[in-house]
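Tertiary structure, described
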Amino acid sequence: MVFPIIYLFGKVNKYFHQHYNKKILIIHFGGIGDVLMCTPAVRLLRKCYPNSKINFIVADRTATAILKRNKDVNEFQFFQQNRNADIKNIFFNCNGIIQGKLKLYFNYPLFIINNLFKGFDIGISFGNFKNAGTFSTLFFDLIGIKKSFGCFGEYPELLTTKINNSLLEKHWTEIYIGIVAEFLDSDIDIENDLSMSYEISNHDKELIKKDLNKKNIINHSMISIIHPGGNDTARFWDYKKFAAVADHLYTKYNMIIFITGSKDELHLAKLVSENMNSPSINVAGDYTLAMVAALLQKAKLCITNDTSILHLADAVETNLIVSLWGPTNYKKSGPRNHRNIFIISELECSPCYFPLNANEELIKCDQLIKEECLKTIDTKKVIDRIDNALINIGQSFE
């Protein structure tokens, strides 16, 4: 009996109650890097609605660490997916709007009820995949959000405005900005500031300062960060190659090598360290994400796979960022400024993992040697690109 009441309440709330754009809800199912890429759009939203409350719902717990450090976000919720009812599976095929809403309610009743009376005026779906968009669209309509926008998933007729699919061919940052821009006043000037936002607290800066002093590291400008991990082994460059590059940086430039990672990546970080001939400092599992951000802000160089640290390094303006790309597409999600160097595979089927159109299904590698594209990126190519970049900016340290 509860579902019909919620359904009717949502309809009444959507069509008969006054709405003043005072409470904005954004739903995003991406991780740390994805949420960082949407921060320029959130900044634009805050500029246009300075007195509104901006709320987030995210489905990746680690992404909450980014939202905590964003002054444009008022509140956020972590959406815990049920093991037997994850969004990708239950919204793969809904067979109609009513059935989709029934699936949503019966799998997540408390989530629906907890948000039903919060009075959201605007709903924005940032995806970042088709089923997440379907979930968001059904959710917005079920709880009675009057204005809703997005370009992912099924049932676009429930949205106030279905964004043109051509937007999905653009860079992720432009997709997010395009969704927000769709419902802004036409006379508002949309700036082309695509920089990502992450605020480092004074507390975190002080923690890093004390730890570097404890390690007797005086020259902070000589710090180089190696990040060999990530959330997807398909994107991992060989740890032995990371070790060889780190040795080169120590030998030629006398750089101080830090190896970063989460607790789950500690073993991988140790493999890099153990395969080096030079000294290194392994802080994997020891530094929090905020501390890594503070270290990245001081660092001269960061070398990483296509993962969250790439975007974090860009957000805190690490001097030079080198990233390795195989199955994924740097044109779709790579930071875009002079501080980034993208080293990509020359294999003709690369990239394959993410399509150009963000609403399409993912494509897995069908090579006999999986992720062969990353294996083809040799150490010399990476070292040469780093040396050239350092020379070009007048910082070869020779």
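Computed from a predicted model, the values in this text were never measured in an experiment.

Here we look at the environment of G127
Looking at the secondary structure, you find G127 in the loop between strand 4 (122-125) and helix 8 (130-142). Residue classification places G127 among the buried residues on the basis of a relative accessible area of 0%. Separated by 17 residues in the primary sequence, G127 and L110 have C-alpha atoms spaced 22 Å apart.

Some words on the sheet that holds strand 9 (residues 281-282)
The six strands are arranged 9-8-7-10-11-12 in an open sheet whose pairing can be described as parallel. Because the sheet does not close on itself, it has two edges, and the strands there are strand 9 and strand 12 (340-344). Across five bridges, the pairing between strand 10 (residues 301-305) and strand 11 (residues 320-325) is parallel. Residue pairing across strands places C302 opposite I321, the latter belonging to strand 11. Along the sheet, helix 11 (residues 239-253) makes contact with strand 7 (223-227), strand 8 (256-259), strand 10 and strand 11, crossing strand 10 at roughly 175 degrees.

Looking at the nonpolar core
By size, the foremost hydrophobic cluster in this structure holds 66 residues, and its most contacted members are L45, I124, F126, I179, Y198, F258 and L296. In terms of residue count, helix 13 (residues 289-298) provides more of this core than any other element does, seven residues in total. Those residues within four positions of F258 in sequence are excluded, and the remaining contacts are L212, K215, I217, I223, S224, I225, I226, I281, V283, Y287 and L295. One finds L25, I87, F140 and L142 within the second-largest nonpolar core, a separate group that totals 31 residues.

Comments concerning the pairing of strand 4
Here strand 4 shows no split at all, with I122 and I124 on one side and G123 and S125 on the other all buried. Strand direction decides the pairing type here: strand 1 (residues 23-28) and strand 4, joined by four bridges, are parallel. The residue of strand 4 that forms the bridge with I26 is I124. In terms of handedness, the path from strand 4 via helix 8 over to strand 5 (residues 147-150) forms a crossover that is right-handed.

The rules behind these values
Residues numbered from 1 in each chain as written. Predicted model: local features only at pLDDT ≥ 70, side-chain atom pairs only at ≥ 80, totals over all residues. Heavy atoms only, no water. Helix = DSSP H or I, 4+ residues; strand = E, 2+ residues; numbered from the N terminus. Buried < 20%, exposed > 50% of the residue type's maximum accessible area, 1.4 Å probe, protein only. Pairing = 2+ DSSP bridges. Contact = heavy atoms within 4.5 Å. Axes fitted to C-alpha atoms, helices over the stretch in contact; angles between N-to-C directions. Core = buried A, V, L, I, M, F, W, Y, C linked by side-chain atoms within 4.5 Å. Right-handed = clockwise from strand over helix to strand, strands pointing away.

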